[in-house]
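# Structural overview
As a plain string of letters, each chain reads:
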Amino acid sequence: MSIVDFFSHTAEGLFFECNSRRSWRFEHFGLKGEEGLIEMPEGSLSTSPISYWFLPADPNDNAPVHGTVLFCNAGTHNMGFHLPQVSWLVPASYNVVMFDYHGAGLSEGRTSLSGILEDTRVVYETVSERKDVKGKPLYLFGQGMGAFAAAVLASELPEGTVQGVVLESLYATHKGWMLRRYGPGIGHLCAALLLQGVINPVEALACIKQPLVVITPSKDSRNPEKEVDEVVHAAPKHREIWRVEGKKFLGVFDYPTEWRERFLGFCKASA
């Protein structure tokens, strides 16, 4: 690795806070789950497999399965940490797919901007071919860095491939996030060190044709306000903007609130 690559990778690392420490498991929430590994195709950025969980819908009153939610986590800790964000979807009759980017949990390797896009794409391609997923509605739900990954994937998919996209705490540009989060000096240095050629979230956002919700928690200290403004401005006209007052980063869906019901309502309307 060259000295330039080393510093670029170090700068990219500021977007992530991943680790392999033990956290929640689906059994802690009374859920059943399938856990496994997804092999990466030849020529991928990382050769090690991706760790994933498939949580089958457990509907009340024998209701039919409504579909599957592919969840792209925020790039903090590992997927177990984020279970409270999506566990409630299982009794609401949705399958949930969770996975760890390379460099998190049991997915060995290094986390990077390009890497999480590739990881998300590979997981989607694998999951969408499952018999218990194919033929039913499929939704993308991303938070933080996962919102970036979900937005890029959605922008690449033909219209109608997925039935809805929910993006929470999405930022506008990689360099803008660095500058506005870390300020003059460190922010300018890190922004200058970032690798070139990675698509910005707002570029992908503008190309999403599927039904779309953009969620902006009012107390999201991780995502600078000007980044949020640019996201709202760039979002296509058919989007819904949910401004969630009084909620912090990853605080919208962690406990039962009206926002869980709105999420379910959006999925039902988009099916």
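Residues numbered from 1 in each chain as written. Predicted model: local features only at pLDDT ≥ 70, side-chain atom pairs only at ≥ 80, totals over all residues. Heavy atoms only, no water.

## Looking at the pairing of strand 9 (residues 212-219)
- Counted residue by residue, strand 9 has six buried out of eight residues, so it is predominantly covered.
- Of the pairings in the sheet, the one linking strand 8 (residues 164-168) to strand 9 comprises four bridges and is parallel in character. Note on strand 9: the bridge partner recorded for Leu167 is Val214.
- Pairing of strand 9 with strand 10 (residues 240-248) involves six bridges; the strand directions are parallel. Across the sheet, Pro217 pairs through a bridge with Val244, a residue of strand 10.
- In this view, the connection linking strand 9 to its parallel neighbour strand 10 by way of helix 8 (residues 225-234) has right-handed handedness. (Buried < 20%, exposed > 50% of the residue type's maximum accessible area, 1.4 Å probe, protein only. Helix = DSSP H or I, 4+ residues; strand = E, 2+ residues; numbered from the N terminus. Pairing = 2+ DSSP bridges. Right-handed = clockwise from strand over helix to strand, strands pointing away.)

## Considerations on the packing of aromatic side chains
- Tallied over the full model, the rule gives 16 aromatic pairs.
- Summarising the aromatic geometry, the rings of Phe15 and Tyr171 are spaced 5.7 Å apart at their centres and angled 25° between planes, so their arrangement reads as stacked. Of the two residues, Phe15 is situated in the loop between helix 1 (3-12) and strand 1 (17-18) and Tyr171 in the loop between strand 8 and helix 5 (174-182); the sequence distance between them amounts to 156 residues.
- With relative accessibility at 2%, the residue Tyr171 sits in the buried group.
- Taking the centre distance of 5.6 Å and the plane angle of 85° together, the rings of Phe253 and Phe263 count as edge-to-face. (Phe/Tyr/Trp six-rings, centres within 6.5 Å; stacked < 30°, edge-to-face > 60°.)

## Details of empty space enclosed by the protein
- Counted by the stated rule, this structure contains one cavity of 30 Å³ or more.
- Taken as a whole, the largest cavity spans an internal volume of roughly 50 Å³.
- Gly144, Met145, Ser169, Tyr171, Trp177, Arg222, Asn223 and Phe249 together form the lining of the largest cavity.
- By residue class, the composition of the lining of the largest cavity is four nonpolar, three polar and one charged. (1 Å grid on protein atoms, 1.4 Å probe; cavity = no way out; pocket = protein on both sides within 12 Å on 5 of 7 lines; lining within 4 Å. Points joined across faces, edges and corners; volume = space filled by probe spheres on them. Nonpolar A, V, L, I, M, F, W, Y, C, P; charged D, E, K, R; others polar.)

## A few points about helix 8
- The complete set of buried residues in helix 8 reads Glu227, Val228 and Val231. The buried residues of helix 8 occupy an angular sector of 100° when the element is viewed end-on, so they sit on one face. Those residues of helix 8 that are exposed and angled more than 90 degrees off the buried face are Glu225, Lys226 and His233.
- Looking at the buried positions of helix 8, the neighbouring elements they touch are helix 5, helix 7 (201-205) and strand 9. (Arc of directions from axis to C-beta. Contact = heavy atoms within 4.5 Å.)

## Quick notes on the state of the cysteines
- Within this structure, the stated rule accounts for zero disulfides.
- With no disulfide of its own, Cys267 has Cys72 as its nearest cysteine by sulfur position, at a separation of 14 Å. (Disulfide = S-S within 2.5 Å.)

## Topic: the sheet that holds strand 9
- Read from one edge of the open sheet, eight strands run 2-3-6-4-7-8-9-10, paired in mixed fashion. Only two strands of the sheet have a single neighbouring strand rather than two, namely strand 2 (34-38) and strand 10. Taking the axes of each pair of neighbouring strands and ignoring which way they run, one obtains an average angle of 20° across the sheet.
- Contacting strand 2, strand 3 (50-55), strand 4 (67-72), strand 6 (94-99) and strand 7 (138-143), helix 3 (residues 113-127) crosses the sheet at an angle of about 145° to strand 6. (Axes fitted to C-alpha atoms, helices over the stretch in contact; angles between N-to-C directions.)

## Brief notes about helix 6 (residues 186-193)
- Along helix 6, the residues that are buried comprise Gly187, Cys190 and Ala191. Projected onto a plane normal to the axis of helix 6, the buried residues spread over an arc of 100° and lie on a single side. In helix 6, the exposed positions angled more than 90 degrees off the buried face are occupied by Leu189 and Ala192.

## Observations regarding the packing of helix 5 against helix 8
- Look at helix 5 against helix 8: their axes get within 9 Å of each other, and the N-to-C directions meet at 150°. As the angle between them shows, helix 5 and helix 8 are arranged roughly antiparallel. When helix 5 is examined against helix 8, the residues Gly176, Trp177 and Arg180 are found in contact with a partner set consisting of Lys226, Glu227 and Glu230. (Parallel < 35°, antiparallel > 145°, perpendicular 65-115°, else oblique.)

## Thoughts on the side chain of Arg260
- Locating Arg260 in the fold gives a position in helix 9 (residues 258-270).
- The buried charged residue Arg260 lacks any salt bridge, with Asp254 as its nearest oppositely charged partner at 6.3 Å.
- Arg260 has contacts with Pro84, Trp88, Phe253, Asp254 and Tyr255, leaving out every residue within four places of it along the chain. (Lys, Arg positive; Asp, Glu negative; His and termini not counted. Salt bridge = Lys/Arg side-chain N within 4 Å of Asp/Glu carboxyl O.)

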